[in-house]
Amino acid sequence: MALYLGVMSGTSLDGLDIALIRQEQRLTLLATHYIPMPQALRDDLLALCASGPDEIARAALAEAAWVRLAAEGIQQLLAEQHLQPADIRAIGSHGQTIRHEPAQGFTVQIGNPALLAELTGITVVSDFRRRDVAAGGQGAPLVPAFHEALFDNQGERLAVLNVGGFSNLSLIETGKPVSGFDCGPGNVLLDAWINEKQGHGYDADGAWAATGHVIPGLLASLLSDPFFAGTGPKSTGREVFNLTWLRKHLAGQPPGSDADVQATLLELTAHSIVSSLQAAQTATQALLVCGGGAHNGTLMKRLACLLPNARVSSTAINGVDPDWVEAMAFAWLAHCCLEGIAANRPSVTGAKGLRVLGAIYPA
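Residues numbered from 1 in each chain as written. Predicted model: local features only at pLDDT ≥ 70, side-chain atom pairs only at ≥ 80, totals over all residues. Heavy atoms only, no water.

> Tell me about the packing of aromatic side chains, residues and numbers included.
Tallied over the full model, the rule gives six aromatic pairs. Measuring from centroid to centroid gives 5.8 Å for F227 and F228, while their planes differ by 80°, and the two rings are edge-to-face. Given the relative accessible area of 17%, F228 is considered buried. Pairing F228 with F241 gives two aromatic rings, centres 5.5 Å apart and planes at 40°, and the pair type is tilted. Here F228, found in helix α9 (residues 226-229), pairs with F241, found in the loop between α9 and α10 (243-250); they are 13 residues apart in sequence, far enough to count as distant. Here F241 falls in the buried class, since its relative accessible area comes to 0%. (Phe/Tyr/Trp six-rings, centres within 6.5 Å; stacked < 30°, edge-to-face > 60°. Buried < 20%, exposed > 50% of the residue type's maximum accessible area, 1.4 Å probe, protein only. Helix = DSSP H or I, 4+ residues; strand = E, 2+ residues; numbered from the N terminus.)

Shown next as structure tokens:
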């Protein structure tokens, strides 16, 4: 039996998710812990997603703060579970993505794994994306291999959808290699728009979007972005989809209410997911949803409407809490690295071949 911790903070930057798993023949989630992101650190990390002055020093300071927050959360979880650092084989730490430009041959996650190993006394495995990028891949999404390991498709044509800041699909069919790709914005534009207009961090249950009406011209303009025309392998990030991008498409559009824009952004998320899925997997029988989007009732209803012949449900129906799938994935990726198991999938990322992902920082 081996215990691993997975630590990740996504594009929402609301906090850090920490998952404790037991890895035997099958993976078991034992405990979880969430630690909120201080607003000042969130602001610093968001600012690093675009070019600015003194980036190297700012990034070093921000990642040290991120690591100290992660170490605090890990120590709290260990105390709650009456565990010692020696009980944990490794931490799988994704760090925080601040740039993702695979077309230019780089992806950047900050999270100083050496400092995290020093503060926790636990071996840290990190830097999961760059080996795949070095092999010609997108370095993302990383979760399809984990989804394949976690969910038994029982002969069905199954899709697993993660809706975090961005949405990505894993397509699982018996007798075929798992495939997957980023679909486009998940919550990132929805969160940014409601934050700008109402000061909220997110649109709880999609309630605000549900009060608006889709603006057809705006939706068509948003969907004209070249990203949506491409097929996998593909990945994306804040470099492409952000408020500046949205404002360019809003310019010259017929006037609509702020709620109408929110409704249109939700339709963009739903439409980009479903069109990508239908192009890549025919007659999907089940769509399992994880990430924050699984709690957006308006989005879930829209997905079900657009996929009338598929069962659309949260991963909770399979006994997996949708909030913790990604943190579990990074714990599993640490296990794969230490065991020398290739965890990328060329059918997903476009890499030249299977690669062991991650760099090891011993305790």
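> Which residues make up the packing of helix α11 (residues 258-280) against helix α12 (residues 297-306), and what values go with them?
The contact between α11 and α12 brings their axes to 10 Å, and the two run at 35°. Our pair here, α11 against α12, has a crossing hand that is right-handed. Here L266, E267, T269, A270, H271, I273, V274 and Q278 of α11 come into contact with α12, specifically with T298, L299, R302, L303 and L306. (Axes fitted to C-alpha atoms, helices over the stretch in contact; angles between N-to-C directions. Left-handed = near helix turned anticlockwise from the far one by under 90°. Contact = heavy atoms within 4.5 Å.)

> Can you tell me about unusual backbone geometry, naming the residues and giving the values?
With an omega of -10°, the peptide bond between A140 and P141 qualifies as cis. Here P141 lies in the loop between α4 (130-134) and α5 (144-150). Phi at H82 takes a positive value of approximately 55°, unusual for a residue other than glycine. Residue placement: H82 occurs in the loop between α2 (55-80) and β4 (90-93).

> Requested: an account of α12, with residues and values cited.
Along α12, the residues classified as buried are G297, L299, M300 and L303. Along α12, the residues classed as buried sweep out an arc of 160° about the axis, all on the same side. The N-cap residue of α12 is N296: its side-chain oxygen and the backbone nitrogen of T298 are 3.2 Å apart. (Arc of directions from axis to C-beta. Polar contact = N/O pair within 3.5 Å; in protein donor to acceptor, adjacent residues only side chain to side chain.)

> I'd like to hear about the side chain of H33, residue by residue, with values.
You can see H33 is positioned in strand β3 (residues 27-36). Reaching out from H33, the side chain makes a polar contact with the side chain of Q76 at a distance of 2.6 Å. Not counting chain neighbours up to four residues away, the residues in contact with H33 comprise L16, D17, I18, G73, Q76, L77, E80 and W324.

> For the sheet that holds strand β12 (residues 311-314), give the residues involved together with the corresponding values.
Within the open sheet, the five strands sit side by side as β10-β9-β8-β11-β12. Their pairing is mixed. Pairing within the sheet leaves two strands with one partner each, and these edge strands are β10 (179-185) and β12. Going from strand to strand, the sheet's axes swing by 20° on average, the running direction of each strand aside. (Pairing = 2+ DSSP bridges.)

> Give me the pairing of strand β5 (residues 96-101): which residues, what numbers.
Here β5 runs beside strand β6 (residues 106-110); their pairing, made up of five bridges, is antiparallel. Bridge pairing in β6 links Q96 to I110. Turn length for the β5-β6 hairpin, with the two strands adjacent in sequence and antiparallel, is four residues, and the turn residue G105 shows positive phi of about 85°.

> Help me get a handle on the pattern of salt bridges, residues and values and all.
Close approach of charged atoms allows side chains of opposite charge to pair. Overall, the coordinates contain ten salt bridges when judged by the stated rule. The residue R99 makes a salt bridge to E55 at a minimum N-O spacing of 2.5 Å. Of this pair, R99 sits in strand β5 while E55 is found in helix α2, placing the two residues 44 residues apart along the sequence. Taking the relative accessible area as the measure of exposure, E55 reaches 27% and is therefore partly exposed. Residue E196 pairs with K197 through a salt bridge whose shortest N-O separation is 3.8 Å. Taken together, the shared-partner salt bridges in this structure form one network comprising E196, K197 and R247. (Salt bridge = Lys/Arg side-chain N within 4 Å of Asp/Glu carboxyl O.)

> Tell me what's going on with the packing of helix α6 (residues 188-198) against α10, and back it up with residues and numbers.
In contact at an axis separation of 10 Å, α6 and α10 are set at 80° when each is read in the N-to-C sense. Classified by the angle their axes make, α6 and α10 are roughly perpendicular. Counting all contacts with α6, which are made through L189, A192, W193 and E196, the residues of α10 involved are L243, W245, L246, R247 and L250. Among the residues making up the contact of α6 with α10, the classes are represented as seven nonpolar, no polar and two charged. (Parallel < 35°, antiparallel > 145°, perpendicular 65-115°, else oblique. Nonpolar A, V, L, I, M, F, W, Y, C, P; charged D, E, K, R; others polar.)

> Account for the nonpolar core, naming residues and giving values.
Counting residues in hydrophobic clusters, the biggest one holds 42 residues, and the most contacted among them are L161, L169, L246, L265 and L287. Ranked by the residues each element gives to this core, the list is headed by α11, at nine residues. Excluding residues within four positions of it along the chain, L169 makes contact with P144, A159, V160, L161, S179, G180, F181, C183, I273, S276, L277 and L287. Counting 37 residues, the second largest nonpolar core, distinct from the first, contains A19, L158, W332 and A334. (Core = buried A, V, L, I, M, F, W, Y, C linked by side-chain atoms within 4.5 Å.)

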